[in-house]
Amino acid sequence: MGEQRVYNFAPGPSTLPLSVLERAGAEITNYRGTGMSVMEMSHRSRGFLQIFEEAQEKLRRLMHIPDNYKILFLQTGASGQFSMVPLNLIGRTGRADYAVTGNFSNTACQEARKYGKVNLAATSEDRNHSYIPAQDRLKLDPQASYFHYCANNTIYGTEWQYVPQTGRVPLVCDMSSNILSRPVDVSQYGLIYAGAQKNMAPAGLTVVIIREDLAGHALPSTPLIMDYQRMIEKDSMFNTPPCWCVYMLGLNLDWVEEQGGVEGMEKLRQQRSRLLYDTLDGSRLFHCHAEEGSRSGMNVTFRTGCEELDAKFVAEAAAAGFVNLKGHRKTGGMRASIYNAMPVEGVVRLCDFIRAFDKNN
Ligand SMILES: *Cc1c(COP(=O)(O)O)cnc(C)c1O
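Everything numeric here is computed off the predicted structure, so don't read it as measured data.

The rules behind the values
- Residues numbered from 1 in each chain as written.
- Predicted model: local features only at pLDDT ≥ 70, side-chain atom pairs only at ≥ 80, totals over all residues.
- Heavy atoms only, no water.
- Phe/Tyr/Trp six-rings, centres within 6.5 Å; stacked < 30°, edge-to-face > 60°.
- Lys NZ or Arg CZ within 6 Å of the ring centre and 35° of its normal.
- Buried < 20%, exposed > 50% of the residue type's maximum accessible area, 1.4 Å probe, protein only.
- Helix = DSSP H or I, 4+ residues; strand = E, 2+ residues; numbered from the N terminus.
- Arc of directions from axis to C-beta.
- Contact = heavy atoms within 4.5 Å.
- Pairing = 2+ DSSP bridges.
- Right-handed = clockwise from strand over helix to strand, strands pointing away.
- Polar contact = N/O pair within 3.5 Å; in protein donor to acceptor, adjacent residues only side chain to side chain.
- Near = heavy atom within 4 Å.
- Areas by Shrake-Rupley, 256 points an atom, 1.4 Å probe, with all protein chains shown as cover.
- 1 Å grid on protein atoms, 1.4 Å probe; cavity = no way out; pocket = protein on both sides within 12 Å on 5 of 7 lines; lining within 4 Å.
- Points joined across faces, edges and corners; volume = space filled by probe spheres on them.
- Nonpolar A, V, L, I, M, F, W, Y, C, P; charged D, E, K, R; others polar.
- Axes fitted to C-alpha atoms, helices over the stretch in contact; angles between N-to-C directions.
- Expected span 1.5 Å × (residues − 1).

(A) The arrangement of the packing of aromatic side chains in detail. According to the stated counting rule, one finds 19 aromatic pairs in the structure shown. One aromatic cluster is present, built from ring pairs that chain together Tyr7, Phe9, Phe286, Phe302, Phe313, Phe322, Phe353 and Phe357. In this arrangement the basic side chain of Arg127 is found over the ring face of Tyr131, its NZ or CZ atom lying 4.0 Å from the centre.

(B) Region of interest: helix α4 (residues 103-112). Taken as a whole, α4 has its buried residues at Ser105, Ala108, Cys109, Glu111 and Ala112. Taken end-on, α4 shows its buried residues confined to a sector of 165°, consistent with a single buried face. Looking at the packing, one finds that the buried side of α4 touches α3 (77-89), β3 (95-100), β4 (117-123), β5 (147-150) and β6 (152-153).

(C) Spatial organisation of the pairing of β4. Relative to β4, β3 runs parallel, the two being bridged by six bridges. Looking at β4, one finds that Ala96 is bridged to Val118. Read from β3 through α4 to β4, the crossover connection turns out right-handed.

(D) Local environment of the environment of Tyr228. Residue placement: Tyr228 occurs in helix α5 (residues 228-233). Among the residues examined, Tyr228 registers a relative accessible area of 0% and is labelled buried. Setting aside residues no more than four positions away along its own chain, Tyr228 makes contact with Leu72, Gln81, Met84, Val85, Asn88, Leu191, Val208, Ile210 and Ala215. Side chain to side chain, Tyr228 and Gln81 meet in a polar contact 2.6 Å long.

(E) Layout of the site of the ligand. In the neighbourhood of the ligand, 13 residues make up the surrounding shell, with Ser79, Thr154, Asp174, Gln197 and Lys198 lying closest. For the ligand, an oxygen atom lies 2.5 Å from a polar atom in the side chain of Thr154. Between the ligand and the protein, one listed contact pairs an oxygen atom with a side-chain N or O atom of Lys198 at 2.5 Å. Coverage of the ligand by the protein amounts to 86% of the 390 Å² it exposes when considered alone.

(F) Local environment of empty space enclosed by the protein. In this structure the tally under the stated criterion is two cavities of 30 Å³ or more. Of the pockets and cavities examined, the largest cavity occupies roughly 70 Å³. Classifying every residue of the lining of the largest cavity by side-chain character gives eight nonpolar, six polar and one charged. By volume, the second largest cavity amounts to about 30 Å³. Surrounding the second largest cavity, Gly102, Asn103, Phe104, Cys150, Asn153, Thr154, Ile155 and Tyr156 form its lining.

(G) Summary view of the sheet that holds β3. Taken in spatial order, the seven strands make up an open sheet running β2-β10-β9-β8-β5-β3-β4, and their pairing is mixed. Whereas interior strands pair on both sides, the edge strands pair on one side only; in this sheet they are β2 (69-74) and β4. Mean inter-strand twist for the sheet, computed between neighbouring axes without regard to direction, equals 15°. With three bridges connecting them, strand β8 (residues 171-174) and strand β9 (residues 191-195) associate as parallel partners. Following the sheet pairing, Val172 is matched in β9 by Leu191. Packed onto the sheet, helix α2 (residues 46-63) meets β2 and β10 (206-211) and runs at close to 130° relative to β2.

(H) Region of interest: helix α8 (residues 307-319). Here α8 is 13 residues long and its end C-alpha atoms lie 18 Å apart, about the 18 Å a rise of 1.5 Å per residue gives. Every buried residue belonging to α8 is among Leu309, Asp310, Phe313, Val314 and Ala317, and all of these are buried. One side of α8 carries all its buried residues, which in axial view fall inside an arc of 140°. Opposite its buried face, α8 presents the exposed residues Glu307, Glu308 and Ala319, each directed more than 90 degrees away. The positive-phi residue at the C-terminal boundary of α8 is Gly321, with phi of around 100°.

So, in structure tokens, the structure goes:
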């Protein structure tokens, strides 16, 4: 079944473990003797509730999520959280801090401006988001209701290597593209969110981990569907949740556990990213977009400096079975997304390909 699969370096939706896809395939018409697919189950049925609760429990176990945090399974993507976060959290003081280190954090920041006074606590725009500002460069507003940042900048290929220290101001973090790839001390955060389609499951599911006391302060105009408190009360079932994606998340979390949990994922992340950065640094042709010390372990952005050569690389790589390596238009060049489910073998082979291309061009 896996024979003709390619190495898929797409930024999201992205590659999933083959064993997870095979298990979903085996269960697709008849889930464990129920005579139906998970896609056909009532979200209120006992069978589905078990899938749902187990997925929550597995995530809590893997990320060591403390009891005073709720796990929500929502829709509308990480982008939905750009609105939901300020709608629910900015009301306490009417102010919030935003660090802008890429495209998504910029969109989140602009969205929050609709709902309160936003302080630009840091920006890396001056060098095309090729770095993460240091702690001593953060301009913090002590009156902020929260501090928002994006842990891994999927488009630019940079990643925060430290957790911002903001005193008593709660941290809100977009972890869409690096969740489950490294240990995180959840208790340092007020709220963590992630679109599932990068590192967890198919598109359509958004995971929110929220400290209980932060909910219940939504602006009066907050739509019901965007109210954390309402979603907590209804255990994410105010409306129909993305059932199939939650099931897929559960299978993927089983796989993460089998690989040694988040600690296992971190080892693999280090192996993959070291291989790739070493190969690029050792080449004649290629240069990385991200500055040393800010480089992402998940999205590796690089280019030759010559557009025709970049295009040639992307085309020849695709022909050799390494697909979706074209970079985002904001950085140009190439981007290899090497999420949890990318086998180390895929990166080893890509490095061979890069070395050969470097020699022949
Ligand atoms: C992909 C991505 C988003 C947008 O996610 P959607 O689920 O498409 O809304 C937001 N933030 C980060 C860091 C991302 O990688």
